[in-house]
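# Structure assessment
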Amino acid sequence: MGKVESRQAFWAELAPAVQATIQQNIGPGKVVRIDQVFEGKKGSSFDVEAVKDGKTFSFNVGPKGAFRGFDQ
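Presented here is a report on the structure given in the accompanying data block. (Residues numbered from 1 in each chain as written. Predicted model: local features only at pLDDT ≥ 70, side-chain atom pairs only at ≥ 80, totals over all residues. Heavy atoms only, no water.)

Right, let's get into the packing of aromatic side chains. Under the definition given, this model contains five aromatic pairs. When the centroid spacing of 5.7 Å and the interplanar angle of 70° are considered together, the rings of F59 and F70 count as edge-to-face. Taken together, the residues span a long stretch of sequence, with F59 in strand β4 (residues 55–61) and F70 in strand β5 (residues 67–70) at a distance of 11 residues. Linked through ring pairs, F57, F59, F67 and F70 together constitute an aromatic cluster. (Phe/Tyr/Trp six-rings, centres within 6.5 Å; stacked < 30°, edge-to-face > 60°. Helix = DSSP H or I, 4+ residues; strand = E, 2+ residues; numbered from the N terminus.)

Shown next as structure tokens:
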């Protein structure tokens, strides 16, 4: 039997600290997709894909709202 590694997450189910970090990093941009990534005993983090000024970018946020960096 397989193990779920990630799933699509929705804004309303995110903790307020996670929402705040996402909003800080996208500013006037728009969220395209949020995936909750399960990290075993560490819990989970959130991969965020967004668009700002016509450019797509992505970054990761920890379960308590810690910014973990932009993807290259």
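The next thing to look at is the sheet that holds strand β1 (residues 6–9). Here five strands make up an open sheet; going across it, the order is β1-β2-β3-β4-β5 and the pairing antiparallel. The open sheet has two edge strands, β1 and β5, and neither has a second partner. Averaged over all pairs of adjacent strands, the angle between their axes in this sheet comes to 25°, without regard to strand direction. Against the sheet, helix α1 (residues 16–26) makes contact with β2 (30–38), β3 (44–52), β4 and β5, and its axis sits at roughly 150° relative to β4, the strand it touches most. (Pairing = 2+ DSSP bridges. Axes fitted to C-alpha atoms, helices over the stretch in contact; angles between N-to-C directions. Contact = heavy atoms within 4.5 Å.)

Our next topic: the pattern of salt bridges. Per the counting criterion, the structure on display carries three salt bridges. For R68, the salt bridge goes to E39, with nearest N and O atoms at 3.3 Å. Of this pair, R68 sits in strand β5 while E39 sits in the loop between β2 and β3, placing them 29 residues apart in sequence. Look at R68 and you get partly exposed, because its relative accessible area is 45%. According to the relative accessible area criterion, E39 is partly exposed, its value standing at 26%. (Salt bridge = Lys/Arg side-chain N within 4 Å of Asp/Glu carboxyl O. Buried < 20%, exposed > 50% of the residue type's maximum accessible area, 1.4 Å probe, protein only.)

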